[in-house]
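Here is how the chains run, residue by residue.
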Amino acid sequence: MFHYLLKRLAFMGLTILAVSGLTFFLMNIIPGGTAELILKHTVLELEEIPTSEQIAEISSQYNLHDPLYIQFGRWLADALHGDLGSSYILKKPVTYLLLLRLPATIYLALASMTIAIALGVPLGVICAVKENKFTDYLLRIVTLVGVSMPGFWLALLLILLFSVTLKLVPVAGYGGIKYLILPAIALSMHTMAVTLRMVRTGMLEVMNQPYIAFATSKGLPPRYIIIKHALKNALLPTLTVLGLSLGYMLGGAVVIETIFAWPGVGSLLVDAITARDIPLVQGCVLTIVGIFVTINLFVDLIYTYVDPRIRYG
Amino acid sequence: MVKIMKSANYFGWHPGPFPQINWAPYHKILTNRTVTVCLMILGVMVMLSFLAPLITPYDPNAIDLKSSLQSPSVDHPLGTDHLGRDVLSRLLYGAKTSFLISLSVVVFALSLGIILGGAAGYFGGLADEILSRVIDIFLSFPGIIFALALIGALGSSVLNLIIALGLVHWASYARLMRGQVLSVKNNDYVSSARVIGASDRRILIKHILPNALAPVIVLATLDMGHVILSAAALSFLGLGIPPSVPEWGSMLNAGKEFMRTAPYLTIFPGLALTITVVLFSLLGDGFREILDPESEVMGLGAA
Amino acid sequence: MALLEVSHLDVGFNTQLGSVQAVNDVSFQIKKGETLGLIGESGSGKSVIGMSLLRLLPMNACVKGEAFFEGKDLLTMKEKDLQKIRGERISFIPQNPTASLNPLLKNGLQVSEVFERKGHSKENSWKSALKVMERLMIRDPGLSAKKYPHQLSGGMRQRLVAGIALSLQPELVIADEPTKGLDSLTRGKTIEFFKHLEGDEDRAMLLITHDLDLAYEICDRLAVLYAGEIVEMGPAGELMDLPSHPYTRGLIKSLPKNGLIPLEGRSPSLLELPGGCYFGERCCHHKKECSCKHPQLKNSGAWQTRCHLN
Ligand SMILES: Nc1ncnc2c1ncn2[C@@H]1O[C@H](COP(=O)(O)OP(=O)(O)OP(=O)(O)O)[C@@H](O)[C@H]1O
Ligand SMILES: [Mg+2]
């Protein structure tokens, strides 16, 4: 177990390292580009073209003449100390900005996950129990649309209906539950649909297992069999998918946060990309990837806890 | 006669013991009703998008501020946008943009995946070890975030959008291709080709590729829906496709400002997008059901 | 009156290839305290019969006929009523103990839930579960109860499953190959166990088995199944000593102690059963009549045979 954990942690570190290295090199791929960008954000007026002296000055100030791998090494050393550089546009340390924005993203992601699980699991069970009946068909169509519909369109439709037309909730902003409802629903739809599908197929498969027939032969009530015997087994594969769809959710959060002016890491990332604020882009990407791999590590650990058959060497 | 046989052989046709690609499952695909219907509808959509100039009298980019934000009418069945452009025309032209971009992404990702995955599977050893690790890494973080970072780094343009999405999608094809090559490689006829003394390149091109390729290409076709969604999401954020080019995502982005007065600008492009992706999802479910009845069907991929 | 009276039981499965007729017109009775053995080669439909009685078959099964248990038809009664019969009055020992134990639940719980369902408290149920496990010669029941099924040996799982089925002392036990995979020593013990069980005056058993010696030893009557139908049924001892159906004779000849002479050929496809005698093609006494007319079960006293020759 310990061995396995160590291996997983090593791979996690490797992934994060690879992601940051890759983004770092790509961002600095255009020679002189970085210096120009910094100039644009600091001293230059709009439409003004930087002179070569200015570029040279900034380059030596920021050590941009060094080979890329040395720059990356320096960046990495700083990053390990919690210093991700400083944002060009906002002129504040990236770490500070991230810490400021992270709670909102976690709040939104947690709410969406909760909705997705709270709806997806029971509906998946209902689908399986009513296989090929009307309810099943209806929910399967809902699922198909839920999987295929772009989250940002759903968000717009929700705003159109609940904010613009019915005026029940505010169009955008950050605050209490009133502000949370629409973005959380929009973000949860896809994961909910995926969960529903997984639980449905899982349940159908499990219900045909001999241990369910044997449990039935013991005279146990159907409700008890579904909850105690079938659901746990059916949820095992769903767990892995949930971990993976968190990645989808974090990606979707970028768009949803932008639509709802939600002050999270996602909208920060979009702002950073639009302004080509390289340290900030990198910080955001690193944070999101970090969350994703960490959660998936936990999912794996939960898996070993739930399934007694798995004990990693 | 001898000459004909030779040239036939040259093009990879084997009269003898070499197995042909097993077409049976693909034949089943075409007899499956859902799949056929989806393919037909998608075919019609592609045709409409390419015949758009013949169907609609409007130039999708013709700005006519006098007739801006008109509700759907006989002249403009789906209304006009804030610059007075005909929404139906833009939708049809936008379909072409979406299809072409997704196709480029898939072709790019596919080439990368087939080459790298094929190499990993075929050569094995250290090359495989390194490539597999790279594939693992690419598959272990959310693709859309990576695409965003790439566009942030390279700047936003159509080409960069295609590169970014291609780099996001190649790894899953590479993994499948690697597995395919591994399983084909261990077949008898490949070993016998090697015994005969055929060169690496020859074995790879003539014996392994044709047999390993088919499932990978099917997977790529099925991925089109995901790619269309990702591309639309990125252009909705204003990254990639310039606002002048008609595209569903950017139409939604522009339309959302006028939600109060012109909700149809929000509804129609999204509807077109959803219908297209639903068709691809259905197609994918159908394919997977046929090719691998055991696998549970689920649609999951990068946004 | 018989405890269980099965008549004209038909079971078909809807599959992609077509309808599989797994059980054809099977009728038998089990009296109080009686043990009926069900023998026949693999795929002849023994397990399907056993499971259909408690309605444990998957959704694609189509069951016809009647199975009266104390005057009520098991096959048509309400699910709620059947639930009261399952486990408490009729119980089932499944063929595959490993797959029949839930991999994610502790062994103890899989026993104690049977008692809990009857309204016993959690602690009492657990205690009863330990008692059941102890009676089954599972070493250190307290420890085994806290383990998961995959941590037990195959034989222990087998006994655990049997123990669960017997824990509420049902009147009828449907046991599907309860001695499969046990070494001869444990098998002996299990036979002891079943004999003891049989000694209980009013407990009946439907014993499904490949083990003809076991069947000979503990069954009162035997039914021989071929391609989903009963081809011969009679008192166990006489049937084994003087089999009258060619298939039964072949089956007995294929026993190791009789020289291990295997039966030639294969049983017919259940998708498309032949028009005449199902065993016709493999029968060495084959007559013209056999391939055109399907033989009916003929009664002679307590003995029934389905063959044109007798
Ligand atoms: N769920 C099912 N769907 C389709 N066919 C089935 C199903 N279950 C059983 N069958 C078929 O029913 C026939 C009888 O199966 P059954 O399990 O009763 O055989 P058996 O006599 O118990 O054999 P064994 O001695 O190997 O256990 C088999 O041919 C099998 O293919
Ligand atoms: Mg059986």
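S.K.: Residue-level account of the packing of helix H4 (residues 107-117) of chain C against helix H5 (residues 122-135) of chain C, with values.
M.R.: Residues and elements named next belong to chain C. Direction vectors running N to C along H4 and H5 enclose 120°, while the axes themselves pass 8 Å from each other. The orientation of H4 relative to H5 falls into the category oblique. In this structure, H4 crosses over H5, and the sense of that crossing is right-handed. Within the contact between the two elements, H4 uses Asn 107, Gly 108, Leu 109, Val 111, Ser 112, Phe 115 and Glu 116 and H5 uses Lys 122, Ser 125, Trp 126, Ser 128, Ala 129, Val 132 and Met 133.

S.K.: Please provide a residue-by-residue account of the coordination of the magnesium ion (ligand 2), values included.
M.R.: Residues and elements named next belong to chain C. Coordination of the magnesium ion (ligand 2) by the protein involves Ser 47 (OG) and Gln 95 (OE1), with metal-donor separations of 1.9 to 2.3 Å. With Ser 47 in helix H1 (residues 46-53) and Gln 95 in the loop between strand S6 (90-93) and helix H3 (97-100), this pair connects stretches of sequence that are 48 residues apart. The class of Gln 95 is partly exposed, set by a relative accessible area of 28%.

S.K.: Tell me about the packing of aromatic side chains, and please be specific about residues and values.
M.R.: Evaluated as defined, the whole model comprises 15 aromatic pairs over all chains. A ring pair is formed by Tyr 107 of chain A and Trp 262 of chain A, whose centres lie 5.9 Å apart and whose planes are at 25°; its orientation type is stacked. Of this pair, Tyr 107 of chain A sits in helix H5 (residues 94-129) while Trp 262 of chain A sits in the loop between helix H10 (222-259) and helix H11 (265-275), and the two are 155 residues apart along the sequence. Residue Tyr 107 of chain A is classed as partly exposed on the basis of its relative accessible area of 32%. A relative accessible area of 0% places Trp 262 of chain A in the buried class. Judged by centre distance (5.2 Å) and plane angle (80°), the rings of Tyr 122 of chain B and Phe 123 of chain B are edge-to-face. Among the aromatic residues, those joined into a ring-pair cluster are Phe 24, Phe 25, Phe 72 and Trp 75 of chain A.

S.K.: Got a sec to walk through a nonpolar patch on the surface? Specific residues and values, please.
M.R.: Residues and elements named next belong to chain B. Taken together, the side chains of Val 44, Met 47, Leu 48, Leu 51, Leu 54 and Ile 55 make up a nonpolar region of the molecular surface, amounting to roughly 570 Å² of accessible area. Elements represented by at least two residues in the nonpolar patch include exactly helix H3 (33-50) and helix H4 (52-55). Among the elements that line the nonpolar patch, the one with the most residues is H3, at three residues. Here Leu 48 is to be found in helix H3. Here Leu 48 falls in the partly exposed class, since its relative accessible area comes to 38%.

S.K.: So what's going on with the pattern of salt bridges? Residues and values would help.
M.R.: Residues and elements named next belong to chain A. Counted according to the given criterion, the structure contains 18 salt bridges over all chains. Its salt-bridge partner being Arg 8, residue Asp 300 comes within 2.3 Å of it at the nearest N-O pair. Taken together, the residues Asp 300 in helix H12 (residues 278-306) and Arg 8 in helix H1 (residues 2-27) connect sequence positions 292 residues apart. On the basis of relative accessible area, Asp 300 is assigned to the buried category, the value being 18%.

S.K.: Please set out the interface of chain A and chain C residue by residue, giving values where relevant.
M.R.: The extent of an interface is frequently quoted as the accessible surface area lost upon association of the parts. In this complex, chain A contributes 22 residues to the contact, which on the side of chain C involves 25 residues. When the two sides are added together, the surface that chain A and chain C hide from each other amounts to roughly 2,200 Å², 65% of it contributed by carbon and sulfur. For the chain A face of the interface with chain C, the top three residues by lost area are Phe 214, Lys 218 and Pro 308 of chain A, together amounting to 29%. Applying the counting criterion to the chain A and chain C interface returns one salt bridge. The partner of Lys 218 of chain A in a salt bridge is Glu 113 of chain C, and the shortest N-O contact between them spans 2.6 Å. On inspection of chain A and its partner chain C, the count reaches 11 residue pairs in polar contact (both at pLDDT 80 or more). Looking at the side of chain A that touches chain C, the elements with two or more residues in it are helix H9 (210-217) and H10 of chain A. Here the side of chain A that touches chain C takes seven residues from H10 of chain A, the largest share from any one element.

S.K.: Explain unusual backbone geometry to me, and be specific about the residues and the numbers.
M.R.: Residues and elements named next belong to chain C. The residue Asp 25 is not glycine, and still its phi comes out positive at about 45°. Residue placement: Asp 25 occurs in strand S2 (residues 18-30). With relative accessibility at 34%, the residue Asp 25 sits in the partly exposed group.

S.K.: Can you tell me about the interface of chain B and chain A, naming the residues and giving the values?
M.R.: Contact with chain B, which involves 48 residues of that partner, is made by 51 residues of chain A. Where chain B meets chain A, there are two residue pairs in polar contact (both at pLDDT 80 or more). Breaking the side of chain B that touches chain A down by element, the ones donating at least two residues are helix H6 (125-139), helix H7 (143-154), helix H10 (200-236) and helix H12 (264-291) of chain B. In terms of residues, the side of chain B that touches chain A owes the most to one element, H12 of chain B, which gives 11 residues. Here the residues of the side of chain B that touches chain A sort into 33 nonpolar, nine polar and six charged.

Conventions adopted
Residues numbered from 1 in each chain as written. Chains lettered and ligands numbered in written order. Predicted model: local features only at pLDDT ≥ 70, side-chain atom pairs only at ≥ 80, totals over all residues. Heavy atoms only, no water. Axes fitted to C-alpha atoms, helices over the stretch in contact; angles between N-to-C directions. Helix = DSSP H or I, 4+ residues; strand = E, 2+ residues; numbered from the N terminus. Parallel < 35°, antiparallel > 145°, perpendicular 65-115°, else oblique. Left-handed = near helix turned anticlockwise from the far one by under 90°. Contact = heavy atoms within 4.5 Å. Donors = N, O, S within 2.8 Å, 3.2 Å for Na, K, Ca; no water. Buried < 20%, exposed > 50% of the residue type's maximum accessible area, 1.4 Å probe, protein only. Phe/Tyr/Trp six-rings, centres within 6.5 Å; stacked < 30°, edge-to-face > 60°. Patch = residues over 30% accessible without salt bridge, like charges linked within 9 Å, V, L, I, M, F, W, Y side chains within 5 Å. Areas by Shrake-Rupley, 256 points an atom, 1.4 Å probe, with all protein chains shown as cover. Salt bridge = Lys/Arg side-chain N within 4 Å of Asp/Glu carboxyl O. Buried area = accessible area lost by both parts, 1.4 Å probe. Polar contact = N/O pair within 3.5 Å; in protein donor to acceptor, adjacent residues only side chain to side chain. Nonpolar A, V, L, I, M, F, W, Y, C, P; charged D, E, K, R; others polar.

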